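# Per-entry structural report
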Amino acid sequence: MVVVGGGITGLAAAYALGLEGGPDLKVTVVEAGAAVGGKLRSGEVDGVTVDVGAESFLARRPEAVQLAGSVGLGAELVHPATAGASVWTRGRLRPLPAGTVLGVPTDLAALARSRVLSARGLCRVPLDLLRPAPPQPADVTVGSYVRARLGAEVVDRLVDPLLGGVYAGHAERLSLAATVPALAAVARRGGSLLRGARNATGTRTGTGGGTGPVFATLAGGLHRLAAAVLAASGAELRLATVVRGLDPVPGGGWRLTVGPTRAPESLRADAVVLAVPAASAARLLAPLVPVAAAALAAVDYASVGIVTLAYPAAAVPPLPGSGFLVPAVDARVTKAVTFSTAKWAALAVATPGRVLVRASVGRAGEARDLQRDDPELIRSVAAELAAAVGLPAAPRAATVTRWGGALPQYAVGHLDLVAGLRRALAAYDGIAVCGAAYDGVGIPACIASGRAAAAAVLVAAAVRTPSSS
């Protein structure tokens, strides 16, 4: 078996193959980069090792918690020391209203207390209870649906910044069905969005449902999960290896062409799991399923940057909660901020005398800020942090990590695109696609996608005692 892609999706697939395929199954992970982990990556600021990619995951979905436990890291899971978040809008930090479904309010009193909306915007919201709401069977953008029901301010100052935090995208462009399925179900039924969102609270919404802490990470950083999963999988790893071609072999199995064009090499596999971004998968699949691959190639991606800053603790005022979001309508460079040492108690213990802050920059279609050089980007973010919460204008140290093409954008019809691709691939045995481009961008969703792909190829390839890798 060959897994193409060494991000957390591919590693989860390799682990599942090793677990379910038995001791005789040989699994090879082929990764184009210099290390595994994908968006799970560590960096350093002011002598401290920190996550410079994904820094936490949704704990109310079980997959990441289960995987961490399975590879021996269950005892090292930690939860935020503080959970209160704010929205920096209309000139000040305002508490994120309790009980929202990805920004859609369920408690009008909490919404009013937050003062995120203007008086006019607040008055518009309850009209949803009176306006006709016929069923909406077709997929639409999140923004168009929520605006029609609750008004533009809910979209601009609540839904859009929350979607931006998850997808680095815009509510006006993202599919309701693909990004907020619980609200898509409300739209299909028709009726009040407020009532529907209230009923959806605690089910599988944008927060995964369930009880207990919403988020978790690993002591020492989430990046540790990648190495642990790889080691537990027992897979062979080939780094700096680009897959250039993928061909079915008469009689069963696959041939992968890898390596440089001047010295290509062939790998044989009983089955292949493609755990790579949409464009890479589309390139490999184009000879097999050209129409579906062309649709996949059109999936857009957002580029983002993470600016990690260190401040002397003595110069930092009390910080409100775990961080804040910034609506795009407020036209700031910074899109989201995490007060890292306030959020994660273990990190605070490891960094005495310092306060670490993490800021996100960039959204789909907004590459201008990411084109600034590192010192300029750091100055811009630091100035906004000073304005928002009174941090010093100059941090003690800072680092910038850029993620080009980091997050897929689920446009209207995305679920149909994914279903069409998988139907087309069903004509071939022993191949599956998985990852953020298909089944969700969060760590638990990627793990679930990798597991499902592993299960599919094990069944389709009818593995007994494989003779090749």
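Our subject is the structure that appears above.
To start, this report covers the structure provided alongside it. The numbers attached to residues start from 1 for each chain and follow its sequence in the written order. pLDDT decides what is reported in this predicted model: residues at 70 or higher carry local features, side-chain atom pairs at 80 or more are listed and counted, and totals for whole chains, interfaces and linings draw on all residues regardless. By convention in this description, side-chain values take in all heavy atoms of the structure and omit both hydrogens and water.

### A few points about the packing of aromatic side chains
- Any pair of Phe, Tyr and Trp rings, taking the six-membered ring for Trp, is counted once the centres come within 6.5 Å. Such a pair is stacked with planes under 30 degrees apart, edge-to-face with planes over 60 apart, and tilted for the rest. Within the structure shown, the criterion is met by 4 aromatic pairs.
- Judged by centre distance (6.0 Å) and plane angle (50 degrees), the ring pair of tryptophan 254 and tyrosine 428 falls under tilted. Taken together, the positions of tryptophan 254 in strand 12 (residues 254–258) and tyrosine 428 in the loop between helix 16 (414–425) and strand 20 (431–433) put the pair 174 residues apart, joining distant regions of the chain.
- One aromatic cluster is present, built from ring pairs that chain together Trp88, Phe324 and Phe339.
- Its end group placed over the ring of tryptophan 88, arginine 332 keeps NZ or CZ at 4.0 Å from the ring centre.
- If you follow lysine 343 out to its NZ or CZ, it ends over the ring of phenylalanine 215, 5.5 Å from the centre. Comment: elements are numbered from the N terminus, with helices defined as DSSP H or I runs of at least four residues and strands as E runs of at least two. In this scheme, Lys NZ or Arg CZ marks a charge over a ring once it lies within 6 Å of the ring centre and within 35 degrees of the ring normal.

### Some points on the packing of helix 2 (residues 62–70) against helix 18 (residues 443–460)
- Fitting a line to C-alpha atoms yields each axis, with helices limited to the stretch in contact; the angle taken between N-to-C directions then spans 0 to 180 degrees. Where helix 2 contacts helix 18, the two axes come as close as 7 Å, and the packing angle between them is 75 degrees. Here helix 18 runs roughly perpendicular to helix 2, going by the angle between their axes. Taken together, the residues of helix 18 that come into contact with helix 2 (itself represented by Glu63, Ala64, Gln66 and Leu67) are Ile443, Pro444, Ile447, Ala448 and Arg451. Any angle between 65 and 115 degrees counts as roughly perpendicular, while under 35 counts as roughly parallel, over 145 as roughly antiparallel, and the rest as oblique. Contacts are residue-level and defined by heavy atoms, with any inter-residue pair within 4.5 Å sufficient.

### Topic: the environment of arginine 268
- Along the polypeptide, arginine 268 turns up in strand 13 (residues 265–269).
- Put simply, arginine 268 and proline 248 are 20 residues apart on the chain and 9.8 Å apart in space, counted from C-alpha to C-alpha.

### With respect to the nonpolar core
- Here, nonpolar core means buried Ala, Val, Leu, Ile, Met, Phe, Trp, Tyr and Cys residues that are tied together by side-chain atoms lying within 4.5 Å of each other. Think of it in three bands: with a 1.4 Å probe and only protein chains considered, a residue is buried below 20% of the maximum accessible area for its type, exposed above 50%, and partly exposed in between. In terms of nonpolar packing, the biggest core is built from 44 residues, with Val146 and Leu176 touching the most fellow members.
- Taken together, the elements giving at least two residues each to this core come down to helix 5 (142–150), helix 6 (152–167), helix 7 (176–179), helix 8 (181–189), helix 9 (193–200), strand 15 (301–312) and strand 19 (397–408).
- Here the element with the most residues in this core is helix 6; it accounts for 7 residues.
- Sequence-distant contacts of valine 146, defined by excluding residues within four places in its chain, comprise Val104, Gly151, Val154, Val155, Val159 and Leu193.
- By size, the runner-up hydrophobic cluster in this structure holds 32 residues, among which are Trp254, Ala281, Val299 and Ile431.

### Considerations on the sheet that holds strand 17 (residues 334–338)
- Should DSSP find at least two bridges between two strands, the strands are regarded as paired. Read from one edge to the other, the open sheet built from 7 strands follows the order 8-7-16-17-18-15-19, with strand pairing classed as mixed. Each edge of the open sheet is held by one strand with a lone partner, namely strand 8 (92–95) and strand 19. The sheet shows a mean angle of 30 degrees between the axes of neighbouring strands, direction not considered.
- As defined by bridge partners, strand 16 (residues 323–325) adjoins strand 17 across 3 bridges and the pair is classed as antiparallel. Paired with leucine 325 across the strands is alanine 336, a residue of strand 17.
- Helix 15 (residues 374–389) rests against strand 7 (85–89), strand 8, strand 15, strand 16, strand 17, strand 18 (354–361) and strand 19 of the sheet, and its axis sits at about 65 degrees to strand 15.

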